[in-house]
Amino acid sequence: MTTDVTVMQNAVNGGLRPLVRSPVMLGMGVGLSFLMNARLALIFVICAPILGIILALIVHKVGPLYSRQQTAVDHLNRQIQESLTGIRAVKAFVRGDFEEAQFQQVSQELTDASRTTFQNAVLNLPAFQLVMYSCVVLIMWFGGNLIMAGEMKVGELTGFLSYVLQVMNSLMMISNVFLLLTRSLTSARRICQVLEEEPDLEQPEQAESCVADGSVDFDHVSFKYRAEAEKFALHDVTLHIAAGETVGIIGGTGSAKSTLVQLIPRLYDASQGTVRVGGRDVRDYDLTALRDAVGIVLQKNVLFSGTIRDNLKWGSPSATDEELWAACRAACADEFLSRMPKGLDTDLGQGGVNVSGGQKQRLCIARTLLKNPKVLIFDDSTSAVDTATEGRIRKALAQRRDVTKLIIAQRLTSVMDADKIVVLEDGRIHAVGTHAQLLAQDPIYQEIYHSQMKGDGTDG
Ligand SMILES: Nc1ncnc2c1ncn2[C@@H]1O[C@H](COP(=O)(O)OP(=O)(O)OP(=O)(O)O)[C@@H](O)[C@H]1O
Ligand SMILES: [Mg+2]
């Protein structure tokens, strides 16, 4: 986008003035030279179509090349961004040389694309000059003959030539502007593609802006990430969660736990069936209202550049320091925060690199708690937190009685006290029940329980 915008900017900056000036100069030059000597001026009539054809050929050839060149810039940017953001992985896997080779490849692609493009674009100048100076030579030849025959004066020919120069100049400018415009048209098309991209999620005209309570219903919900995918990620899930309930969700890797909860704040829309929050279809709500009412701590969470305070305020822009600290206490983030010399004003660095994994998780939890949502979703959000701290976070959560809590966890201890536990397997609900019920009846739950409880009986 930025290179495309710059290209358009350059076209407007450099092209607008000549675009207005040169047609005027051209018209006046041609008109006056016809007035001076109509027969000599006929030479323009022959030259103009030749110039037009040359310009059309060049534009036709160069237009697609510009778009290839811009794509090569995209590739180069993506390559650099990926290897810089993943710099630690690159080092850990000793892939420096490989990344360098990849960079070589994309930069070579850009070099080649630019070279072919400009090789064609610069032809513009010599081709034009060839035609124009041939035109001058012809005028001198015919003019000379006319002077010899006594039909024209030397002074007249000199005056005529100065108009010819004006016309030549303006034609050169016009052709340059054409090339600029060709290039900026390519960029304009690419910018439009981005601007015209329609979001998949549609909002109704008369959107509901109030979420009544924190109840969540899944009614025969199936979901796949891409319409053309064969397999559903979620299969016919029906589940009722009353407001204020605590629900644990467990299941193997890839059993669609994250997928299930992402449908609640409408990060995706269900492919079949309906998801309801507060008794209404999530598609009826105003997206902002729905997402304000549903707080989700994502599995792959991110903090942003800035201070801890800036990041926490994502949850509630108007929160006072007391509120921030209260949320941090609930998320057990206060203990390390108070040890930091700058406290809430500690700078997190780009992407929150300055805190540990567990600290980051706790800050993300605090950020979500600050929203005071009606539904609170933790997607494996305490995986990097030790069990004792996790217990304290759970206790703090339990005090928020009217908030519906959905907790995805790998450790059974995290969900054992929940009102009900959902066992997912391969995108389907395998069993629902309390800890005691599942332990008595469900083979998968028993297996997880026994594999985790073998140790000292508390933290698996
Ligand atoms: N953005 C996506 N596009 C396409 N498929 C996806 C996407 N995210 C997940 N999937 C697929 O959907 C299935 C369920 O993924 P999901 O992330 O919900 O699993 P999960 O139960 O949360 O696993 P984990 O315990 O590892 O977090 C997986 O098979 C995965 O490959
Ligand atoms: Mg997940």
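Check the entry above for the structure.
Now for a quick tour of the structure. This one's a predicted model, so the numbers in the text were calculated from it and none came from an experiment.

**So, the site of ligand 1**
Argument step 1. As a matter of local geometry, ligand 1 sits amid 13 residues, with Gly254, Lys257, Ser258, Thr259 and Gln299 nearest to it.
Argument step 2. Ala256 places a main-chain nitrogen or oxygen 3.0 Å from an oxygen atom of ligand 1.
Argument step 3. In the model, an oxygen atom of ligand 1 is placed 2.6 Å from a nitrogen or oxygen of the Ser258 side chain.
Argument step 4. Here ligand 1 has 630 Å² of accessible area as a free molecule, and 61% of this is covered by the chains.
Argument step 5. Considered class by class, the residues forming the shell around ligand 1 number 4 nonpolar, 8 polar and 1 charged.

**Details of the nonpolar core**
Argument step 1. Grouped together as the largest cluster of nonpolar side chains are 43 residues, with contacts concentrated most on Ile250, Ile308, Leu312, Leu363 and Phe378.
Argument step 2. Counting residues per element, the ones that place at least two in this core are helix H9 (308-312), helix H10 (321-330), helix H11 (334-337), helix H12 (357-369), strand S7 (375-379), helix H13 (387-398), strand S9 (420-425) and helix H15 (443-452).
Argument step 3. Residue contributions to this core peak at 5 residues, all from H12.
Argument step 4. Aside from chain neighbours lying at most four places away, what touches Leu312 is Leu324, Cys328, Leu344, Leu363, Ala366, Arg367 and Leu370.
Argument step 5. One finds Leu239, Ile249, Leu290 and Leu406 within the second-largest nonpolar core, a separate group that totals 31 residues.

**Side note on the coordination of the magnesium ion (ligand 2)**
Argument step 1. Taken together, Ser258 (OG) and Gln299 (OE1) make up the protein donors of the magnesium ion (ligand 2), found 1.9 to 2.1 Å from the metal. Taken together, the residues span a long stretch of sequence, with Ser258 in helix H7 (residues 257-262) and Gln299 in the loop between strand S6 (294-297) and H9 at a distance of 41 residues.

**Quick word on the sheet that holds strand S10 (residues 428-433)**
Pairing between sheet strands relies on hydrogen bonds along the backbone, with the strands arranged either parallel or antiparallel.
Argument step 1. Taken in spatial order, the 6 strands make up an open sheet running S6-S7-S8-S3-S9-S10, and their pairing is mixed. Two strands in the sheet have a free side with no partner beyond their single neighbour: S6 and S10. Adjacent strand axes in the sheet meet at a mean angle of 15° when their direction is disregarded.
Argument step 2. Strand direction decides the pairing type here: S9 and S10, joined by 5 bridges, are antiparallel. Bridging across to S10, Val423 finds its partner in Ala431.
Argument step 3. Here H12 sits on the sheet and contacts S6 and S7; the angle it forms with S6, its principal contact strand, is near 175°.

Conventions we followed
- Residues numbered from 1 in each chain as written.
- Chains lettered and ligands numbered in written order.
- Predicted model: local features only at pLDDT ≥ 70, side-chain atom pairs only at ≥ 80, totals over all residues.
- Heavy atoms only, no water.
- Near = heavy atom within 4 Å.
- Polar contact = N/O pair within 3.5 Å; in protein donor to acceptor, adjacent residues only side chain to side chain.
- Areas by Shrake-Rupley, 256 points an atom, 1.4 Å probe, with all protein chains shown as cover.
- Nonpolar A, V, L, I, M, F, W, Y, C, P; charged D, E, K, R; others polar.
- Core = buried A, V, L, I, M, F, W, Y, C linked by side-chain atoms within 4.5 Å.
- Buried < 20%, exposed > 50% of the residue type's maximum accessible area, 1.4 Å probe, protein only.
- Helix = DSSP H or I, 4+ residues; strand = E, 2+ residues; numbered from the N terminus.
- Contact = heavy atoms within 4.5 Å.
- Donors = N, O, S within 2.8 Å, 3.2 Å for Na, K, Ca; no water.
- Pairing = 2+ DSSP bridges.
- Axes fitted to C-alpha atoms, helices over the stretch in contact; angles between N-to-C directions.

Any link to function would need more than the numbers given here.
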